[in-house]
Every structure is written in C-alpha cells, then in structure tokens.
Amino acid sequence: PDSLGKKMKNGLPPKVGSFQRFVPDYRDADSWIRRFQESPLPAHIQVYFQGLFEKLVCLDYIIRNTDRGNDNWLIRYAKEGTTPESSIFVAAIDNGLAFPYKHPDEWRAYPYYWAWLPYANRPFSQQTKDLLLHKLKDLALVQEMIDGLHDLFSLDKGFHKDRFQRQSSVIRGQILNLCQALETGMSPLELVQMPL
C-alpha cells in the first residue's frame, strides 16, 4: 500500500503477517503509569514492579528494540493479589523493530521511550544484577543464545547469513554495554546514554 511510502516504491515486499498472542486483562503501560502516579502502588509491589521494568529494559536493550513506547508494553495489575508476584505483571508486545543489523541510532529515529519514565532514573537493583550479570558474562551461554537465534532466524526465507552476523555483533555489543552498566551501578537512563 501507499502508506509504506518510499520503501514500497523501492521494492520492499508487503509483510505477510506477524505472530501475536493475546494477553487477557492487560492494559497499555501508559494508562497504568498515570494511575500509579495518582495512586501509588504499595511499597512492596512498587519494588517488584521496578524489577519487572528493569527486565523489560534489559530485553529491549539486548535486542535493540528502540521502539518500545508506553503503548506497546502492557501491565496487568490486580489489587487483590496476595503477593507482588500475583499482583502485577508486564508483557512486552510489538518487537517488530528488534534485532537490527546495525545500530539503529545510525538510521532510526526511535528512542527508548521508557527512558523518560521515573523508573528509568533508579540504578539497576541488586536483584536484577544477581539475576542477569552472571548469565550475560557467560560467553558459552551467550553463544548458545546466538546459535538459537540463528536457528530461528534461518527459518525465514529471507534469511541472510551476513546480515545475521551483523545482528549478532550488535547483540554482543549491547550485552557488553549492559554488563558494564550493571557492574558500575548505572540506571536504565544512563545505560541508553552510553556511547555506542
């Protein structure tokens, strides 16, 4: 269609579709965040939510999904939950611009929208460091992840080995930066301000 503009004219084929899964009882993060500003979460749930937010940040950073607006991550909150784990949940949706083959800052104007949220100003928690740092520093585990992505991506008839090599280089660079941010006590905002 014409809505694709210049790219369609250059021969980019129309997208066949995408795999999506409906997540019931979730609402866009924007609506919940506004509610949380008016009526703050209980302290123990806020701490848990911060950890969920940090996991979303790490996912987006590693896969270089800079197109994460507050309308494409979802929150489910149930006040009647008996524990933080049964009260609040986060779902990352629409990862269509993830896994670029070069750093998007060179060609894409999408920032990490979550970087402007107050949660992004807090240093990564010890819980997030304990959960991720040893895994991200395990070169064999990172290679296993890259190999798994290769197997998955190669199922696409448009798969190009050279492009995948560039994508995996971006991922490895993102992991190195994330490790540095976790080790030095940075916040998510400081992470995305790091030089490439």
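Above this text you will find the structure in question.
Structure report, in brief. (Residues numbered from 1 in each chain as written. Predicted model: local features only at pLDDT ≥ 70, side-chain atom pairs only at ≥ 80, totals over all residues. Heavy atoms only, no water.)

Observations regarding the overall build of the protein chain
Alright, step 1. Within the protein chain one finds seven helices and three strands.
Alright, step 2. Helices and strands appear in the protein chain in the N-to-C order α-β-α-α-β-β-α-α-α-α.
Alright, step 3. Within the protein chain, the proportion of its 196 residues that are buried is 39%.
Alright, step 4. Considering only residue pairs separated by 6 or more positions, the protein chain has 77% of its internal contacts joining residues 24 or more positions apart. (Helix = DSSP H or I, 4+ residues; strand = E, 2+ residues; numbered from the N terminus. Buried < 20%, exposed > 50% of the residue type's maximum accessible area, 1.4 Å probe, protein only. Contact = heavy atoms within 4.5 Å.)

Regarding unusual backbone geometry
Alright, step 1. Its identity as a non-glycine residue notwithstanding, Arg 64 has a phi of 55 degrees, on the positive side.
Alright, step 2. Summarising the element assignment, Arg 64 is placed in the loop between helix 3 (43-63) and strand 2 (73-77).
Alright, step 3. In this structure Arg 64 comes out as buried when scored by relative accessible area, which is 2%.
Alright, step 4. At Asp 94, a residue that is not glycine, the phi angle is positive and equals roughly 55 degrees.
Alright, step 5. For Asp 94, the position within the fold is in the loop between strand 3 (88-92) and helix 4 (126-136).
Alright, step 6. For Asp 94, a relative accessible area of 46% gives the class partly exposed.

Overview of the layout of surface pockets
Alright, step 1. Approximately 290 Å³ is the volume found for the second largest pocket.
Alright, step 2. In terms of lining, the second largest pocket is formed by 15 residues, of which the most central are Leu 59, Ile 62, Leu 132, Leu 136 and Met 145.
Alright, step 3. At the level of elements, helix 3, helix 4, helix 5 (139-153) and helix 6 (161-183) are the ones that each hand at least two residues to the lining of the second largest pocket.
Alright, step 4. Considering each element in turn, the lining of the second largest pocket owes the most residues, five residues, to helix 3. (1 Å grid on protein atoms, 1.4 Å probe; cavity = no way out; pocket = protein on both sides within 12 Å on 5 of 7 lines; lining within 4 Å. Points joined across faces, edges and corners; volume = space filled by probe spheres on them.)

Some points on a negative patch on the surface
Alright, step 1. Among the surface-exposed residues, Asp 138, Glu 144, Asp 147 and Asp 151 lie close enough to one another that they form a single negatively charged patch.
Alright, step 2. Following the sequence through the fold, Asp 138 ends up in the loop between helix 4 and helix 5.
Alright, step 3. Asp 138 sits in the partly exposed class, given a relative accessible area of 34%. (Patch = residues over 30% accessible without salt bridge, like charges linked within 9 Å, V, L, I, M, F, W, Y side chains within 5 Å. Areas by Shrake-Rupley, 256 points an atom, 1.4 Å probe, with all protein chains shown as cover. Salt bridge = Lys/Arg side-chain N within 4 Å of Asp/Glu carboxyl O. Lys, Arg positive; Asp, Glu negative; His and termini not counted. Charge placed at Lys NZ, Arg CZ, Asp CG, Glu CD.)

A closer look at the packing of aromatic side chains
Alright, step 1. Enumeration over the complete set of coordinates arrives at 15 aromatic pairs.
Alright, step 2. Centroid distance Phe 36 to Tyr 77: 5.7 Å. Interplanar angle 90 degrees. Geometry classified as edge-to-face. Remark: Tyr 77 occurs in strand 2 and Phe 36 occurs in helix 2 (residues 29-38); sequence separation between them is 41 residues.
Alright, step 3. Under the relative-accessibility criterion, Phe 36 is labelled buried at 6%. (Phe/Tyr/Trp six-rings, centres within 6.5 Å; stacked < 30°, edge-to-face > 60°.)

Comments concerning the sheet that holds strand 3
Alright, step 1. Read from one edge of the open sheet, three strands run 1-2-3, paired in antiparallel fashion. The two strands at the open ends of the sheet, each matched to only one other strand, are strand 1 (27-28) and strand 3.
Alright, step 2. Pairing analysis gives five bridges linking strand 2 to strand 3, with the strands arranged antiparallel. From the neighbouring strand, Ile 75 faces strand 3, where its bridge partner is Val 90.
Alright, step 3. Its contacts with the sheet place helix 3 against strand 2 and strand 3, and it is angled at close to 10 degrees to strand 3. (Pairing = 2+ DSSP bridges. Axes fitted to C-alpha atoms, helices over the stretch in contact; angles between N-to-C directions.)

Notes on the nonpolar core
Alright, step 1. Core analysis: the largest hydrophobic core is formed by 42 residues, its most contacted members being Trp 73, Ile 75, Ile 88 and Leu 178.
Alright, step 2. The leading source of residues in this core is helix 3, at nine residues. (Core = buried A, V, L, I, M, F, W, Y, C linked by side-chain atoms within 4.5 Å.)

Some words on the pattern of salt bridges
Alright, step 1. Throughout the structure, instances matching the rule amount to three salt bridges.
Alright, step 2. Measuring nitrogen to oxygen at the nearest pair gives 2.9 Å for the salt bridge that ties Arg 34 to Asp 30. Here Arg 34 pairs with Asp 30, and both are found in helix 2, just four residues apart, close to one helical turn.
Alright, step 3. You can call Arg 34 partly exposed: its relative accessible area is 47%.

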